[in-house]
Amino acid sequence: MRKSIMMALTLVTVMTVSAQDYKVETFKTKSGKDVNITLIKHATMAIEYQGYEIHVDAVPNYGTDYSKFPKGDLILVTHEHGDHFNPETIELISKPNNLLFMNQRCFDRMNKGMVLRNGDTRNITKDISLKVVPAYNTTPDHLQFHPKGVGNGYVLNIDGLKIYIAGDTEDIPEMSNLKDEEIDVAFIPVNQPYTMTVKQAIRAAWMIQPKVLIPYHFGQTDVAPIKQRLDADNSGIDVRLREMQ
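Report on the accompanying structure. (Residues numbered from 1 in each chain as written. Predicted model: local features only at pLDDT ≥ 70, side-chain atom pairs only at ≥ 80, totals over all residues. Heavy atoms only, no water.)

## Brief notes about the overall build of the protein
Okay, step 1: When helices and strands are counted, the protein shows five helices and 15 strands.
Okay, step 2: By the compact-globule yardstick of 18 Å for 245 residues, the protein fits well, its C-alpha radius of gyration being 17 Å.
Okay, step 3: Here the protein holds 245 residues, and the buried ones make up 53% of them.
Okay, step 4: Taking the intrachain contacts of the protein between residues at least 6 apart in sequence as the baseline, contacts between residues at least 24 apart amount to 54%. (Helix = DSSP H or I, 4+ residues; strand = E, 2+ residues; numbered from the N terminus. Rg over C-alpha atoms; globule rule 2.2 N^0.38 Å. Buried < 20%, exposed > 50% of the residue type's maximum accessible area, 1.4 Å probe, protein only. Contact = heavy atoms within 4.5 Å.)

Pasting the structure below:
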């Protein structure tokens, strides 16, 4: 059954964004429409569906020229750290009457947008909905990096295609709930000492059981063993290693 499900989720193409050499992963929704995910760097990505533009953790730290990107209809920020949250970039990519969602600490600094907390849900358009899930550290000497209840992870449902953007987190127990969500694409951070180890990322993959797993926000961590282990164990998860340091 796992193989038949995998066949239904097909990578259509890999391309580059004009004037900026970023890879784009294209997936089909349940009704056959394209969702294009531009993999920018680190935790930063842009998602396009039927002309609707979504920006996630938009920061310019990696030479990104946001003036060359479409402005966002929906802007998501996972938490307030500088490699995820940049008010100037948010202003640059905002369009009138767009939606800007963030955690309380980001809102306190920017005084703009709307606060979402773990457990919140929103219907964005007739085809797009959003669920907020926890993102936090569990390792005893790492708890100060991302305390429980502060940061957000997001599950985007775009015409039936479910994308999990984990934010900065370890392999928390709440991830086991995502198995029932039937996640199509999961972005999992692997950046020591702030997020997951390779072993934690593998455990997270087994808990979530996404169809496609893309390690992101991994800094100097070698993420190749994630694919090697999950492939060797016949997990059925399509692990895609991309330049998301």
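After that view, the rundown keeps rolling.
## Thoughts on the packing of helix α4 (residues 198-208) against helix α5 (residues 224-232)
Okay, step 1: Direction vectors running N to C along α4 and α5 enclose 45 degrees, while the axes themselves pass 9 Å from each other. Of the possible angle classes, the one that applies to α4 and α5 is oblique. Handedness of the α4/α5 crossing: right-handed. In this structure, α4 contributes Val198, Ala201, Ile202, Ala205 and Trp206 to the contact, and α5 contributes Pro225, Ile226, Arg229 and Leu230.
Okay, step 2: Residue composition of the contact of α4 with α5, grouped by class: eight nonpolar, no polar and one charged. (Axes fitted to C-alpha atoms, helices over the stretch in contact; angles between N-to-C directions. Parallel < 35°, antiparallel > 145°, perpendicular 65-115°, else oblique. Left-handed = near helix turned anticlockwise from the far one by under 90°. Nonpolar A, V, L, I, M, F, W, Y, C, P; charged D, E, K, R; others polar.)

## Some points on the environment of Leu241
Okay, step 1: Its location among the elements puts Leu241 in the segment after β15 (238-239).
Okay, step 2: Measuring from C-alpha to C-alpha, the distance between Leu241 and Lys227 comes to 7.8 Å, with 14 residues separating the pair along the chain.

## With respect to the sheet that holds strand β9 (residues 121-123)
Where strands meet in a sheet, backbone hydrogen bonds hold them as pairs that are either parallel or antiparallel.
Okay, step 1: On the basis of which strands lie adjacent, the open sheet formed by seven strands has the order β9-β10-β11-β12-β13-β14-β15 and mixed pairing. Here the strands that pair on one side only, and so sit at the sheet edges, are β9 and β15.
Okay, step 2: Relative to strand β11 (residues 151-158), strand β10 (residues 128-135) is paired through eight bridges, and the arrangement is antiparallel. Note on β11: the bridge partner recorded for Leu130 is Leu156. (Pairing = 2+ DSSP bridges.)

## Structural notes on the nonpolar core
Nonpolar side chains in soluble globular proteins tend to be buried together.
Okay, step 1: In terms of nonpolar packing, the biggest core is built from 57 residues, with Ile47, Leu156, Ile163, Tyr164, Phe187 and Ile226 touching the most fellow members.
Okay, step 2: When residues in this core are grouped by element, the largest group, six residues, is from α4.
Okay, step 3: Apart from residues no more than four positions distant in its own chain, Ile163 is found in contact with Val35, Ile37, Ile47, Tyr154, Val155, Leu156, Ile158, Val185 and Phe187.
Okay, step 4: Phe69, Ile90, Met102 and Cys106 belong to the second-largest nonpolar core, a separate cluster that totals 15 residues. (Core = buried A, V, L, I, M, F, W, Y, C linked by side-chain atoms within 4.5 Å.)

## Some thoughts on the pairing of strand β13 (residues 185-189)
Okay, step 1: For β13, the tally of buried residues reaches five of five residues, placing the bulk of the element in the interior.
Okay, step 2: Burial along β13 is two-sided: the residues Val185, Phe187 and Pro189 and Ala186 and Ile188 are all buried.
Okay, step 3: As paired strands, strand β12 (residues 161-165) and β13 are joined by three bridges and run parallel to one another. In the strand pairing of β13, Ile165 is matched with Phe187.
Okay, step 4: As paired elements, β13 and strand β14 (residues 212-216) share five bridges and run parallel to each other. Note on β14: the bridge partner recorded for Ile188 is Pro215.
Okay, step 5: Where the polypeptide runs from β13 across α4 and back to β14, its parallel neighbour, the crossover connection is right-handed. (Right-handed = clockwise from strand over helix to strand, strands pointing away.)

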